[in-house]
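Architecture at a glance
The primary structure of each chain is shown beneath.
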Amino acid sequence: MFSTLFNYELKYWFKKPEFYIYMAIFFIIALFFSASAAGIFDSITTTTGSSSIVNSPSSITGLFNGMTVLIFFLFPSIIGLSIYRDYKSEMHTILYSYPFTKANYLFAKFFSAIVIVTLILFVIGVALFIGFRLPGTNSDIVTAFSFKSYYIAYAVYILPNILLFGAIVFAVVTFTRNIAAGFIAVILLLFVQGLMENLLSDPDNRFLAAMIDPFGAAASNYYTRYWTVSEQNELHLPIKGVILYNRLLWLGIAALVFGFVYKFFSFSQNAISFNFKKSKGERTTKSNFGGITRINLPKVNFDYSFVKNLKTTWKLSNIDFKYIVKSWPFLSIVLVGLIIILIALSEVGNLFGTKTLPVTWKMLNGGAAFTIAINICTFLYAGMLVHRGKIANINHLVDVTPTPNWTLFLSKFMALIKMQLVLLSVILVSGIVFQMYNGYYDFELGHYIKELFGLQLINYVIWAFLALFIQTLFRNPYLGLFVLLVLSIGIPLLRFAGIEQDIFKYNEGPGFQYSDMNAYGDSFSRYFAHKLYWFFCGLLLLVFTALFWVRGLPHSFKERLFIAKSRFKGLAVIGFAVFLVCFLSLGFRIYHENNIANERLSSKEIELQTVTWEKTYKKYENSPQPRIVSVKANMNIYPKTLGFEADGNYIMVNKTSVAIDSVLLNYNDYPSTFTFNKEIDLVSEDSIYNFNIYKLKQALQPGDSLQLEFTVKNKPNTWLRKNSPVISNGTFINNFAIFPSLGYSGGELTDNKTREKYDLPPNDLKPHPSDSTALGNTYIRKDSDWIDFEATVSTSEDQIAIAPGYLQKE
Amino acid sequence: MKLTIKDLTKTYKNGVKAIDNLNLEIGTGMFGLLGPNGAGKSSLMRTIATLQSPDSGAIQFGDINVLEDKMALRKILGYLPQSFGVYPKMSAEKLLDYFATLKGVSSKSDRAALVKEVLEITNLYDVRHKYVAGYSGGMKQRFGIAQLLLNNPKLIIVDEPTAGLDPAERHRFLNVLREVGTNCTVIFSTHIVEDVKELCNEMAILNGGRILKHTTPIEATNALKGQIWTKIIERDDLETMEATYKVLSSNYNQDNTLNIRVHALEKPAEDFQSSNPQLDDVYFIALKQDEPILA
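These numbers come from a predicted model, not from an experiment.

1. Brief notes about the overall build of chain A
- Across its full length, chain A holds 28 helices and eleven strands.
- Considering only C-alpha atoms, chain A reaches an extent of 120 × 70 × 60 Å along its principal axes.
- Buried residues in chain A amount to 33% of all 810 residues.
- Taking all contacts inside chain A whose residues are at least 6 apart in sequence as the whole, residues at least 24 apart take part in 79%.

2. Overview of the overall build of chain B
- The secondary structure content of chain B amounts to ten helices and 14 strands.
- Across its three principal axes, chain B shows a C-alpha extent of roughly 70 × 45 × 35 Å.
- Counting across all 295 residues of chain B, residues that qualify as buried make up 44%.

3. With respect to the domain arrangement of chain A
- Segmenting chain A into domains produces domain 1 (2–264), domain 2 (315–524) and domain 3 (605–763 + 774–794).
- For domain 1 of chain A versus domain 3 of chain A, the distance between C-alpha centres works out to 54 Å.

4. Re the nonpolar core
All names here are of chain A.
- Counting residues in hydrophobic clusters, the biggest one holds 130 residues, and the most contacted among them are Val 169 and Cys 377.
- Counting residues per element, this core draws most heavily on helix 7 (residues 147–176), at 18 residues.
- In terms of domain composition, this core takes at least three residues from each of domain 1 (2–264) and domain 2 (315–524).
- When neighbours within four sequence positions are excluded, Val 169 is seen to be in contact with Phe 75, Pro 76, Ile 79, Gly 80, Gly 182, Ala 185 and Val 186.

5. Section: the packing of helix 22 (residues 523–548) of chain A against helix 23 (residues 557–567) of chain A
Residues and elements named next belong to chain A.
- Close contact between helix 22 and helix 23 brings their axes to 8 Å; oriented N to C, the two are set at 115°. Together, Ala 546, Leu 547 and Phe 548 of helix 22 and Arg 560, Ala 564 and Arg 567 of helix 23 make up the contact between the two elements.
- Its residues assigned to classes, the contact of helix 22 with helix 23 shows four nonpolar, no polar and two charged.

6. Digging into the interface of chain B and chain A
- Each side of the interface is counted separately: chain B has 44 residues, and chain A has 34 residues.
- Of all elements in the fold, only helix 2 (70–75), strand 6 (77–80), helix 3 (92–102), helix 4 (108–121), helix 5 (137–149) and helix 6 (167–180) of chain B reach the threshold of two or more residues within the side of chain B that touches chain A.
- In terms of residue count, the dominant contributor to the side of chain B that touches chain A is helix 6 of chain B (seven residues).
- Grouping the constituent residues of the side of chain B that touches chain A by class yields 21 nonpolar, 14 polar and nine charged.

7. Focus on the domain arrangement of chain B
- In terms of domain boundaries, chain B breaks down into domain 1 (3–217) and domain 2 (226–275).
- Placing a centre on the C-alpha atoms of domain 1 of chain B and another on those of domain 2 of chain B gives a separation of 38 Å.

8. Some points on the pairing of strand 2 (residues 17–26) of chain B
Residue and element names in this part refer to chain B.
- With six bridges joining them, strand 1 (residues 3–11) and strand 2 adopt antiparallel strand pairing. Residue pairing across strands places Leu 8 opposite Leu 22, the latter belonging to strand 2.
- The loop that links strand 1 with its antiparallel partner strand 2 comprises five residues; one of these, Gly 15, has a positive phi angle of about 95°.

9. Some details on the sheet that holds strand 7 (residues 155–159) of chain B
Residue and element names in this part refer to chain B.
- The strand order across the open sheet formed by six strands is 6-7-8-3-9-10, and the pairing between neighbours is mixed. Unpaired on one side and paired on the other, strand 6 and strand 10 (210–215) mark the two borders of the sheet. Between one strand axis and the next, the sheet turns through 15° on average, direction left out of account.
- Where strand 7 meets strand 8 (residues 185–190), five bridges bridge the pair, whose relative direction is parallel. Paired with Asp 159 across the bridge in strand 8 is Ser 189.
- Packed onto the sheet, helix 1 (residues 41–48) meets strand 3 (29–34), strand 7, strand 8 and strand 9 (202–207) and runs at close to 150° relative to strand 7.
- Here helix 10 (residues 279–290) sits on the sheet and contacts strand 3, strand 9 and strand 10; the angle it forms with strand 9, its principal contact strand, is near 35°.

10. Some points on the sheet that holds strand 14 (residues 273–274) of chain B
Residues and elements named next belong to chain B.
- Strand order across the open sheet formed by four strands is 12-13-11-14, with antiparallel pairing between neighbours. Whereas interior strands pair on both sides, the edge strands pair on one side only; in this sheet they are strand 12 (247–252) and strand 14.
- Note that strand 11 (residues 228–234) and strand 14 share two bridges and pair antiparallel. Counterpart to Trp 229 in the pairing with strand 14 is Ser 274.

11. Observations concerning the environment of Tyr 150 of chain A
Residue and element names in this part refer to chain A.
- Tracing the backbone shows Tyr 150 in helix 7.
- Spatially, the C-alpha atoms of Tyr 150 and Thr 61 are 7.3 Å apart, while their sequence positions differ by 89 residues.
- Setting aside chain neighbours within four positions, we find Tyr 150 in contact with Ile 60 and Gly 125.

12. Some thoughts on the packing of helix 1 (residues 2–15) of chain A against helix 6 (residues 102–133) of chain A
Residues and elements named next belong to chain A.
- It is at 8 Å that the axes of helix 1 and helix 6 come closest, and there the two elements cross at 35°. Considering the relative orientation of helix 1 and helix 6, their crossing is right-handed. Counting all contacts with helix 1, which are made through Phe 2, Leu 5, Phe 6, Glu 9, Leu 10 and Trp 13, the residues of helix 6 involved are Asn 104, Tyr 105, Phe 107, Ala 108, Lys 109, Phe 111, Ser 112, Val 115 and Ile 116.
- For the contact of helix 1 with helix 6, the per-class residue count stands at eleven nonpolar, two polar and two charged.

13. Observations regarding helix 7 of chain A
All names here are of chain A.
- Under the 1.5 Å per step criterion, the end-to-end length of helix 7 is 41 Å for 30 residues, consistent within 8% with the ideal 44 Å.
- When the local axis directions of helix 7 are compared, the greatest deviation, roughly 40°, occurs at Ile 158, which is followed within four positions by the proline Pro 160.
- The element helix 7 is largely enclosed, with a buried count of 23 among its 30 residues.
- In the stretch just after helix 7, Arg 177 is the one whose phi turns positive, near 55°.

14. Re unusual backbone geometry
- Notably, Asn 690 of chain A is not glycine yet its phi reads approximately 50°, a positive angle.
- Relative to the elements of secondary structure, Asn 690 of chain A occurs in the loop between strand 7 (680–686) and strand 8 (691–700).
- Since 16 C-beta atoms lie within 10 Å of it, Asn 690 of chain A is described here as partly exposed.
- In this model, Asn 123 of chain B sits at a positive phi of 60°, which is unusual for a non-glycine residue.
- When you line up the elements, Asn 123 of chain B lands in the loop between helix 4 and helix 5.

15. Looking at the confidence of the model for chain A
- Counting all residues, the mean pLDDT for chain A is 86, and 96% of those residues have values of 70 or more.
- Of all helices and strands in chain A, the one with the weakest mean pLDDT is strand 1 (residues 350–351) of chain A (70), whereas helix 20 (residues 445–473) of chain A scores best (95).

16. Some details on the pairing of strand 5 (residues 660–666) of chain A
Residue and element names in this part refer to chain A.
- As paired elements, strand 5 and strand 8 share six bridges and run antiparallel to each other. Looking at strand 8, one finds that Asn 666 is bridged to Phe 691.
- Alignment of strand 5 against strand 10 (residues 741–742), held across two bridges, turns out to be antiparallel. Looking at strand 10, one finds that Leu 665 is bridged to Leu 742.

17. A few points about the environment of Tyr 245 of chain A
Residue and element names in this part refer to chain A.
- Inspection of the secondary structure assignment puts Tyr 245 in helix 12 (residues 241–264).
- By C-beta crowding, Tyr 245 is classed as partly exposed, having 14 other C-beta atoms within 10 Å.
- C-alpha separation for the pair Tyr 245 and Tyr 150, spaced 95 residues apart in sequence, amounts to 21 Å.

About the thresholds
Residues numbered from 1 in each chain as written. Chains lettered and ligands numbered in written order. Predicted model: local features only at pLDDT ≥ 70, side-chain atom pairs only at ≥ 80, totals over all residues. Helix = DSSP H or I, 4+ residues; strand = E, 2+ residues; numbered from the N terminus. Buried ≥ 20, exposed ≤ 12 C-beta atoms within 10 Å, placed from the backbone. Contact = placed C-beta atoms within 7 Å. Domains from an automatic or database assignment. Core = buried A, V, L, I, M, F, W, Y, C linked by C-beta atoms within 7 Å. Axes fitted to C-alpha atoms, helices over the stretch in contact; angles between N-to-C directions. Nonpolar A, V, L, I, M, F, W, Y, C, P; charged D, E, K, R; others polar. Pairing = 2+ DSSP bridges. Left-handed = near helix turned anticlockwise from the far one by under 90°. Expected span 1.5 Å × (residues − 1). Bend = angle between axes of the 7 residues up to and from the residue. pLDDT = per-residue confidence, 0-100.

Below, the structure written as structure tokens:
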């Protein structure tokens, strides 16, 4: 009987498209990670140089384990589904009367699902193997294939992990008969694991931490912590001591969980439910025999207007919102989120062991720990709401009502936003509670509200647009959820594939910074420009949601495309056109600012420039230069326009014993002018590296001095780009940032493997403690020693100017 | 108002032709759509109810082109699918209020009055605060009728509503339906011949996606007058009888003999007795005539 059930389950999965979709997704993810670790994107982005081997046993274990964590999110819809399927299709009413034993049934269900997961893992393994060796990868950091490293990663770490998490998910879904419950269990487990890791980060607890880390990473770290790079590259992970104990402990717990399922599972028709107030049984009888009623419906007004539909949207969103906040996955996420926030808050108050005041912006920073919870809720409930009708099988009743599609999906969108508002309020409340607990009563409510319900909300709303669209497109809410998770994790990682500009990555953009002195400063306009840009993209997605919204019977994808095409008329076209124009023009404006009006260098180009810089100018590294002995600076700071103008005067002396005939001037990327007090020729002017070479008509003899007058100011700011370090309150400017210096300034590539690629010699080692040339320089710069310094600073009236030295006149 | 269906065809992705070039005209009153399981009844009804689009053909109700202007039909449509679920943890009253909103009743007091009335009509008023998800089969079906009435529909489509109801519930259900259907078009699908006989003033027999017969129950039985014959036979003789005559149906008697009904224009043999034609006979004859002839 076991094998019949087992084979049936496997066959079922082999016929499901989801199985192949999961495999394909993981294949691509694993390929992406392994290939980019092995440097496949080196031609378009920075070189992945490293002396560690990317497919060493420990790296493979790490990468493989990382992938497995992603698979955990699929467990509810693979392992949980294996048993839930029978409930959903109501097969259990028939199946449970068949003559097989509990053990047969449970083991067949569980192990067939484990086999399916293992097959997906196998695909990951293959993808890793291929990814490391794709043409274009850097063969220097890939070593020969070792079956043993994959095998140990699977047998020692991954298999016990999937058995443990699988058993827990299996238990939760079996007893609740609810897939969402399984999903929440996975999230809770990951949260708890993260929490324990934090709490046990103290070195004294290392053994305990190694024992109770369910992933086994802390256990292997217990031994490999002090491995050298070459040991990491070559040695297999040990299988001994605490690693063995850890694995056995968690396997034992997995077995216990499964045993628990076995003991309490029964072939009953109804799910286990907890009843706190026992209601007394009551005998019911029928009394409605026959009876003919006259039907006399009251006269009511039917209203199909736009305004009424708007009202309906609001009402429906309230119903959906109530459904969300009453559902216990939501409640448990909020609860766990609260705990996480409070822990995070107690951490942000500690600055290297120094207690700081729990001011509002710190509370808001700590609240960022809640971001994941808000995103997961958005992704999950977008799916739950879109498919709510179908799950309850009420969709046909709803679909034949004269309510337009937009009312239906907009109401779900609004319910999502209301949910986000509630979650953001959780941050507000926990922040204030924490402040009160610490006796800090300066509640900046306005700041809380502005940041949470203004700045942060728009970010989550943009995610809600995407979530609604993806969940409409996919017919399985858990597949949709998984895709959304992959997108939200993957989009920021596109950087590694050479996609560096924010305007090409959904909902990416510069962030905002808050300080008590400068508030949000100028980060505001750039943040909003990008969020507005993505908001238009979200509106476009909303149009697509409208086109692909399922009304009536499910259709094949081809039919849905056809329906979408037929819906693309009238308002849909106008909305699409308007949003597209806004999206593209704003996008172009940002693109123009960053790429055309100003030069933008990709990290690859920066890397290449660094190479050229070194190759062109390294030869001047040791050419003798005069040293600055006196600086006079006039600094005008304009906090209103966020600009500055400065000029200054260097007096330089030849402190060497040879005559110096040329001056190497290293300056910053600001409009500048330079004049020397001796006759001098500009031999080479390099505006890329901002490095000029001047030749003195008459060489500077030892002990002689030279003066340099310079002016520097910022390029004008635009609303998308600030070209100066000045802020409206509390500007801090370092002399390096705007004033010139002398000589070759270093700034070379540091990684030896990368240097080798560009035919550069290996890095210089740090100079020997007795190296007299090196000893001749301070740790800050090579072109000066102690100097005479004089500064005149001007700024707005409400600012106080501060510079090194003693105040002479104010 | 009249419902006209022209040249309707629908083929599913798996190759099943659920509706095959179907033409039908339905007037005011109760219209029974009779057919075996899988005949295409649900497909037809879902298509009329704007839940799926046909491959080709046209549907017109009054002056509404149903396939072009779905919203217009939905305003006057009451639909009860073969099986439906409800949101868990919502009472009948709440759910009906929800549906009334969806159906365009914007005023709160209007909704309350309407919901109260439909609850009373369907005799659910006493249990209006109970979760619909916990209702028995009959109560849930009555809830289905209640939600259907909310927009005072002109076209009512009910798909096999009496399946699985106990006799009392079934009667009650049919009575309500009859009451509603006096001055609008009700299309009512079933595989139970009794239902049609009791209620419908018009009927059609559907199989394999085609209308086999479009008639009224009385006309249909009258047409068969003098053509139905019965005989009591032994179980072992059935095969020979089936080979010789057009056997419509056969039922066991308590003594293990069989009662067969035969369709023939004249008395088939001496030992056959004439019998009053039943609607069942009409149904079986129509299905028999449609059977593919085996070569």
